[in-house]
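# Overview (structure and organization)
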Amino acid sequence: MRSIALREAIREAMSEEMRRDERVLLMGEEVAEYNGAYKVSQGMLAEFGAKRIIDTPISELGFTAVAVGAAQNGLRPIVEFMTWNFAVLPLDQILNTASKMLAMSGGQIGCPIVMRGPNGSAGQLGAQHSTAFESYLANIPGIKVVSISNGYDAKGLLKQAIRYEEDPIMFLESEVMYGDKCEVPEEEYYIPLGLADVKRPGRDITIVSYSKMMKVALGAAEELEKEGISAEVIDLRTIRPLDWMTVLESVKKTNRLVIVEEQWPFASVSSELSYRIQKEGFDYLDAPIRRITSADAPMHYAPNLTALAIPDVTRTVKLIKEVMHQYK
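For clarity, every value in this text was computed on a predicted model and none was experimentally measured. (Residues numbered from 1 in each chain as written. Predicted model: local features only at pLDDT ≥ 70, side-chain atom pairs only at ≥ 80, totals over all residues. Heavy atoms only, no water.)

### Regarding the overall build of the protein
Keep this limit in mind: Runs of E in the DSSP output that reach at least two residues are strands. Runs of H or I that reach at least four are helices, and both are numbered from the N terminus. The globule rule used here is 2.2 Å times the number of residues to the 0.38 power, and the radius of gyration it is set against is calculated over C-alpha atoms. Relative accessibility under 20% of the residue-type maximum defines a buried residue, over 50% an exposed one, and the middle range a partly exposed one, all with a 1.4 Å probe and only protein chains included. Accessibility throughout is a Shrake-Rupley quantity obtained with a 1.4 Å probe, and a residue counts as covered only by protein chains that appear here. Note that His is not counted, nor are the chain ends; the positive residues are Lys and Arg, and the negative ones are Asp and Glu. Every charge is mapped to an atom, namely NZ of Lys, CZ of Arg, CG of Asp or CD of Glu.
The helix and strand tally for the protein stands at 12 helices and 14 strands. Here the C-alpha radius of gyration of the protein, 20 Å, is about what a compact globule of 328 residues would show, namely 20 Å. The principal-axis extents of the C-alpha atoms in the protein amount to approximately 60 × 45 × 40 Å. Residue burial in the protein is summarised as follows: out of 328 residues, 56% are buried. For the protein, the exposed surface amounts to about 13900 Å²; the carbon and sulfur share of it is 54%. Here the protein contributes 36 positively and 45 negatively charged side chains, and the mean placements of these two sets differ by 2 Å.

Okay, structure coming up:
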């Protein structure tokens, strides 16, 4: 194992798959000459050349359409969005072309494409650059949605998506985590999509999260441990398909569930997960399922309002204590 930054883990995944398969290419704004807006693609232009590391105009709809067409004609493109907030512009290509082509063509034309980039808030970016898109994208049949929290998972899941998946993959990262250090094996590995991961075993309550809110979930578990409360923490990793069975098995043991996410509360990932667990695991619950989400409002620029809008460790611990003590 070696310690590398998240951006390096993502770069390694793309580079290893590009060395293996000449059909794989990367395109997006500033991915080549500038080495990527967040330096994720640093050095890739020098290794793979301008035909496979492609700088695009500032036209998300245009270059996404080119990539979708390339995928339908035998290539395996990776599209980098400078932020997923800009992906509302090519939503027509994601929703009406990539996700539906296999069904509309009677199984004759697939779209093996990976679209990736930073998602959610990143501190004082304002309302138009701070939306978390997991629930938006997961609402579309025909695509898969991955939302990563660390470099080990990022590399394994991204290699799996590029090499083995024939469906369009939406791969959600976070710019505030690109510098995070993580332990990644020297040897090659892949992580199948659709499997949640128990990051911390526990016995008293299950905490479920994904992406950068995993830091909040794990931080809350550490604080609770000081007071004798043992929390099991699960990282969903893949939002669609949703591995609710792993959560259910945990709830059978702990009998309580709290979900921490950066989504707005209405029709969110926690809404779907809560429905699944109460439907299939009602008899195992000793307390109502609770959740903590972002505020139901556009994200403000002011740092004090941003801090109030996003879940944190203090409020998560308070909510879990309510669940633990109010419903004994």
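### A look at helix H3 (residues 60-72)
For clarity, the threshold we go by: Take the residue count of a helix, subtract one, and multiply by 1.5 Å to get its expected span. Along the arc lie the directions from the helix axis toward the C-beta atoms. Any pair of residues with heavy atoms lying within 4.5 Å of one another is described as a contacting pair.
An ideal rise of 1.5 Å per residue puts 18 Å on 13 residues; H3 measures up with 18 Å between its terminal C-alpha atoms. Inspection of H3 places Glu60, Phe63, Thr64, Ala67, Val68, Ala70 and Ala71 among the buried residues, and these make up the whole buried set. What you see down the axis of H3 is that its buried residues fit within an arc of 160 degrees, all on one side. Against strand E2 (24-28), strand E4 (76-80), helix H4 (91-98) and strand E5 (114-118) lie the buried residues of H3. Just past H3, the residue Gly74 takes up positive phi, approximately 110 degrees.

### Focus: the packing of H3 against H4
This is how it is decided: Angular values range over 0 to 180 degrees, each being the angle between N-to-C directions of two axes fitted as lines to C-alpha atoms, with helices fitted over their stretch in contact. The labels follow the angle: roughly parallel below 35 degrees, roughly antiparallel above 145, roughly perpendicular from 65 to 115, and oblique for the rest. Under the grouping applied here, Gly and all other residues not named as nonpolar or charged are polar, the nonpolar ones being Ala, Val, Leu, Ile, Met, Phe, Trp, Tyr, Cys and Pro and the charged ones Asp, Glu, Lys and Arg.
Contact geometry for H3 and H4: axes closest at 9 Å, N-to-C directions at 25 degrees. Between H3 and H4, the angle falls in the class roughly parallel. Contact with H3, carried on its side by Leu61, Thr64, Ala65, Val68 and Gln72, involves Gln93, Thr97 and Ala98 of H4 and no other residues of that element. Looking at the contact of H3 with H4 residue by residue, the classes come out as 4 nonpolar, 4 polar and no charged.

### Some points on the nonpolar core
It is characteristic of soluble globular proteins that their nonpolar side chains tend to be buried jointly. Put simply, the rule reads: In plain words, nonpolar cores are sets of buried Ala, Val, Leu, Ile, Met, Phe, Trp, Tyr and Cys residues tied together by side-chain atoms within 4.5 Å.
In terms of nonpolar packing, the biggest core is built from 40 residues, with Trp84, Met115, Met170, Leu236 and Val247 touching the most fellow members. Among the elements of the structure, E2, H3, H4, helix H6 (134-138), strand E7 (169-173), helix H9 (244-254), strand E13 (257-260) and helix H10 (269-281) are those that each provide at least two residues to this core. The residues touching Leu236, leaving out its near neighbours within four places in the chain, are Leu195, Ala196, Val208, Ser209, Tyr210, Leu242, Val247 and Val269. Grouped together as the second largest cluster of nonpolar side chains are 34 residues, Ile10, Met14, Val24 and Leu157 included.

### Points about the packing of aromatic side chains
We describe a pair of aromatic rings using the distance from one ring centre to the other and the angle between the two ring planes. Rules: What counts as a ring pair is set by centres within 6.5 Å for rings of Phe, Tyr and Trp (its six-membered ring), and what kind of pair is set by the plane angle: stacked under 30 degrees, edge-to-face over 60, tilted for all other angles.
Applying the stated rule across the entire model yields 6 aromatic pairs. For the pair Phe63 and Phe81, a centre-to-centre distance of 6.3 Å together with 35 degrees between the ring planes defines the contact as tilted. Highlighted residues: Phe63 in helix H3 and Phe81 in the loop between E4 and H4, separated in sequence by 18 residues. For the ring pair Tyr152 and Tyr189, a centre distance of 4.7 Å and an interplane angle of 10 degrees mean the geometry is stacked. You can see Tyr152 sitting in helix H7 (residues 151-163) and its partner Tyr189 sitting in the loop between strand E8 (181-184) and strand E9 (197-200), a full 37 residues away along the chain. Judged by its relative accessible area of 32%, Tyr152 is partly exposed.

### Examining the side chain of Glu262
Selection rule: In protein, a polar contact requires one atom able to donate a hydrogen and another able to accept it; more generally it is a pair of N or O atoms within 3.5 Å, and residues adjacent in sequence count only if both atoms are side-chain atoms.
Within the fold, Glu262 resides in the loop between E13 and H10. A polar atom in the side chain of Glu262 sits 2.6 Å from the side chain of Ser121. Excluding its chain neighbours within four sequence positions, the residues that come into contact with Glu262 are Gly120, Ser121, Ala132, Lys212, Met213 and Ser294.

### Quick word on unusual backbone geometry
Across the chain, the bulk of peptide bonds are trans and the bulk of non-glycine residues have phi less than zero. With omega at 0 degrees, the peptide bond leading from Arg240 into Pro241 counts as cis. Positive phi, close to 70 degrees, is recorded for Asn255, a residue that is not glycine. Residue placement: Asn255 occurs in the loop between H9 and E13.

### Observations regarding the sheet that holds strand E11 (residues 231-235)
Stated precisely, the cut-off is as follows: Strands were regarded as paired on the criterion that DSSP finds at least two bridges between them.
Spatially, the 5 strands line up as an open sheet ordered E9-E11-E10-E13-E14, and their pairing is mixed. Each edge of the open sheet carries a strand with a single partner, namely E9 and strand E14 (290-292). For this sheet the average axis-to-axis angle between neighbouring strands, irrespective of direction, equals 25 degrees. One ladder, built from 3 bridges, connects strand E10 (residues 205-209) with E13; its direction is parallel. Its bridge partner lying in E13, Ile207 is registered against Val258. Along the sheet, H10 contacts E10, E13 and E14; its crossing angle with E13, the most-contacted strand, is approximately 165 degrees. Each of E10, E13 and E14 is contacted by helix H12 (residues 313-326), which is oriented at about 170 degrees to E14, the strand it contacts most.

### A word on the environment of Asp153
Considering the arrangement of structural elements, one finds Asp153 in helix H7. Judged by its relative accessible area of 1%, Asp153 falls in the buried class. Each C-alpha atom, one on Asp153 and one on Ile10, is 9.7 Å from the other, the two residues being 143 residues apart in sequence.

### Looking at the sheet that holds strand E3 (residues 53-55)
As a general point, the strands of a sheet are linked pairwise by backbone hydrogen bonds and lie either parallel or antiparallel. The 7 strands are arranged E3-E2-E4-E5-E7-E6-E12 in an open sheet whose pairing can be described as mixed. In the strand order of this sheet, the two ends are held by E3 and strand E12 (238-240), each with one partner. Across the sheet, the mean angle from the axis of one strand to that of its neighbour is 20 degrees, orientation sign disregarded. Summarising the sheet, E2 and E4 pair through 5 bridges and their orientation is parallel. Bridging from a neighbouring strand, Met27 pairs with Val79 of E4. Taken strand by strand, H3 contacts E2, E4 and E5, and its axis lies near 160 degrees from that of E4.

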